[in-house]
Amino acid sequence: MLPAELAELVRRIQKQKSEGQTIEIKSAHEDVPKRLYDTLSSFSNQDQGGIIFFGIDELKDYAVVGIYDPQDLQKKVTEQCNQMEPPVRALFTIAEIEGKQVCSAEIPSIELSERPCYYKGAGKVKGSYIRVGDADQHMTDHEIYSFEAYRRHRHDDERPAERASMNMLDRDALQSYLAEQRKSRPKFASLPDSPACELLNISRSGKPTLAAIMNFCVYPQGYYPQLCITAVSVPGTQIGDVSGNGVRFLDNSRIEGTISSMADQAVAFCLRNMKVRTVIDPRTGRRDDRTEYPVEAIREAVLNALIHRDYSTYTEGTPVQLDLFTDRLEVHSPGCLYGGMSVEQLGYAKPELRNPALAVMAEKLTGAENRYSGIPTMRRAMKEFHLPEPKFENRRDEFVVTFYNTAAGSPAATDSPSEKNSASQTDLLLDFCKTPRTRQELADFLGRKTVYSAMRKFITPLVKSGRLEMTIPEKPKSKNQRYRTRPQQAL
C-alpha cells in the first residue's frame, strides 16, 4: 500500500467510526499491543486477509494519536507474526497524518490447504481464530475439522455406518443402480456385487457408507435421525410471527426418507403451501396460472442442500431447514461452502465436491445433473418468473438460499391459496406423474396422511376420467403398481 492510500483509508475509518471484517484499529501510542495473535490468526484465515492500523485510538473517537517508534513497532509485530503457524508475513506502510506517524500492517490470506493459521503458544485448538464482523472469535472444533478434512481430502459421505448392514439397503434400487453402472464398463461388469459396491463407495469393509444409507436405505433416519428436512410455513416474515388466531405454523413437517424421496416431499410441501398466481399477459390477454416460486428452482435448492451439505459427525444433529415465509422461501444447508469457493463464484467456477460419492449416486437416483448447473438453473427460473435473483449467503455454520416473491416488473396478478385451486393442483399432479409414481409417493406429494385418502380423493377419480393410467392395469392392487399421466394429457 502507498502512503497516500494509507492516509485515505484512515480518513475513511474516521468518517465511518468503525472497524470491520478486514480492519482492526490499535492505538500503539506508547507500545505495541502485547496480544495480536487473535487478529493475525483471523485475518490469515479469511480469503480477503485484513489490515491492522496502528496510531488511531478508537476510544478517542478514532483520533490519530501516532505511534511511539515506527522501527520498533515493525520489529515487535514481526516477532508476533513469527509465532504463528504458519508464520504470517505482514507488509508494513508508514504515513504521516496530521503531523503524526501512522503504520498499517497488511495481513495476507494464507492458502486454504495451510489453514487454520494459529498461535503456536496456545496450540491449534485454542490458538485458531475466525473474523466475525469486527470481532475475533475462537474457531469451533467443527471449523478446524473442516480445514483438516479439505486438506486431507477426507470425505464424510464415504465413512461406514457402523450400526448398519447391507441388508438394510433397498435391494431392488441397489441392483438397478449396479446394473446401470455395469452397462458401459465390461471389466467392472464381471465383478461380483461385494467388490463392485466397494469400488462404487456403496460399502466399506462390508458396511454400507453414509452415502449408500442416504440413497438406498429403507429408512435412513433409523441410523441418522437428524439427517432429514424440517419444513415450516410461517404466517409472517420471521419465526415467531403468529396468525390472527394465534397459529405459529400454517404447516409443520418433518421430511424423512432417502435423498430422492426427501426432495420430492419438500417440493410437495412447498406446492401445498405456496400461492398460485394468475398472471394476465397485457399484450395477449392470455391467462396463466403460476406458482409463487418456480418449482424447478425449489427442487434445485433442496437437492443442493441435501447433496452438498456437511455430513461430518459435527453436523449429524442438524437437519436441512426449509422455511416458507409470506415474503420469501429459505433453504438452510448445514456447513459453509466447501473448499475455496466463494459466493461470488457460484454458478461460474467449478467447485470441488464435498460429497463426491453421494453426488454420483444422487445423479442417477434423482436426476440431479452434477454438472454445476444448479445455481444457473435457479437464477434462470427466477428470472423467467420476473422475480428477484436468488440470494446466496455463506454464513459461519450454514449456507442459505433465499427466494423472494416480490415481483419485479411482472404483469398484473391475483393470488389464491393453491390448496383451494383444485384445477391447478390437478395440473401439478399430472405434471408430477409424467414419471410413474407409487401410491406412497403420490400421498406424500399431495400432503395426505394416508395412502387411502390420496387414492380415494385424487388418484382414483383421475384414473376413471382417463387422465391417469396404471402401469400394471391387469393387477390393480399389485405392490409394484405405478400411476402415470397419459401421454395426451402431459403438460
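Residues numbered from 1 in each chain as written. Predicted model: local features only at pLDDT ≥ 70, side-chain atom pairs only at ≥ 80, totals over all residues. Heavy atoms only, no water.

Remarks on the overall build of the protein
And step 1. Broken down by element type, the protein carries 16 helices and 23 strands.
And step 2. Projected onto its principal axes, the C-alpha coordinates of the protein cover approximately 95 × 60 × 40 Å.
And step 3. The buried share among the 491 residues of the protein stands at 48%.
And step 4. Summarising the internal contacts of the protein: among those between residues at least 6 apart in sequence, 65% fall at separations of at least 24.
And step 5. Of the accessible surface of the protein, which amounts to about 24400 Å², a share of 49% is contributed by carbon and sulfur atoms.
And step 6. When the 67 basic and 66 acidic side-chain charges of the protein are each reduced to a single mean position, those positions are 8 Å apart. (Helix = DSSP H or I, 4+ residues; strand = E, 2+ residues; numbered from the N terminus. Buried < 20%, exposed > 50% of the residue type's maximum accessible area, 1.4 Å probe, protein only. Contact = heavy atoms within 4.5 Å. Areas by Shrake-Rupley, 256 points an atom, 1.4 Å probe, with all protein chains shown as cover. Lys, Arg positive; Asp, Glu negative; His and termini not counted. Charge placed at Lys NZ, Arg CZ, Asp CG, Glu CD.)

Some remarks on the sheet that holds strand β14 (residues 251-255)
And step 1. If you trace the six strands from one edge of the open sheet to the other, you get β14-β13-β17-β18-β20-β19, paired in mixed fashion. Of all the strands in the sheet, just β14 and β19 (391-394) have a single pairing partner and so form its edges. Each strand of the sheet is rotated relative to its neighbour by a mean of 10°, with strand direction disregarded.
And step 2. Here seven bridges tie strand β18 (residues 328-334) to strand β20 (residues 398-404), and the two strands are oriented antiparallel to one another. Residue pairing in the sheet places Val331 in a bridge with Val401 of β20.
And step 3. Strand contacts of helix α13 (residues 374-384): β19 and β20, with the helix running at about 20° to β20, the strand carrying the most contacts. (Pairing = 2+ DSSP bridges. Axes fitted to C-alpha atoms, helices over the stretch in contact; angles between N-to-C directions.)

Details of helix α6 (residues 171-182)
And step 1. Between its terminal C-alpha atoms α6 stretches 16 Å, which fits the 16 Å expected from twelve residues at 1.5 Å a residue.
And step 2. All buried positions along α6 are accounted for by Leu174, Tyr177, Leu178, Gln181 and Arg182. Seen from one end, α6 has its buried residues packed into an arc of 135°, which puts them on one side.
And step 3. Its side-chain oxygen at 3.1 Å from the backbone nitrogen of Asp172, Asp170 defines the N-terminal cap of α6. (Expected span 1.5 Å × (residues − 1). Arc of directions from axis to C-beta. Polar contact = N/O pair within 3.5 Å; in protein donor to acceptor, adjacent residues only side chain to side chain.)

Side note on the confidence of the model for the protein
And step 1. With 92% of its residues at a pLDDT of 70 or more, the protein has an overall mean of 89.
And step 2. Within the protein, strand β21 (residues 413-417) has the poorest average pLDDT of any element, 41, and strand β17 (residues 320-324) the best, 98.
And step 3. For residues 408-421, every residue scores under 50 in pLDDT, and the model assigns this stretch 33 contacts once sequence neighbours within four places are set aside. (pLDDT = per-residue confidence, 0-100.)

Thoughts on the packing of helix α10 (residues 259-273) against helix α15 (residues 439-446)
And step 1. At a minimum axis distance of 7 Å, the contact between α10 and α15 shows a crossing angle of 40°. Along the contact surface, α10 presents Asp264, Gln265, Ala268, Leu271 and Arg272, while α15 presents Glu441, Asp444 and Phe445.
And step 2. Of the residues belonging to the contact of α10 with α15, the class tally is three nonpolar, one polar and four charged. (Nonpolar A, V, L, I, M, F, W, Y, C, P; charged D, E, K, R; others polar.)

Section: the packing of aromatic side chains
And step 1. A full pass over the atoms with the stated rule returns six aromatic pairs.
And step 2. Consider the rings of Tyr150 and Tyr338, whose centres lie 5.5 Å apart with planes at 75°: the pair is edge-to-face. Note that Tyr150 is positioned in helix α5 (residues 141-151) and Tyr338 in the loop between β18 and α12 (356-366), a separation of 188 residues in sequence.
And step 3. Over the ring of Phe432 we find Arg437, and its NZ or CZ is 3.9 Å from the ring centre. (Phe/Tyr/Trp six-rings, centres within 6.5 Å; stacked < 30°, edge-to-face > 60°. Lys NZ or Arg CZ within 6 Å of the ring centre and 35° of its normal.)

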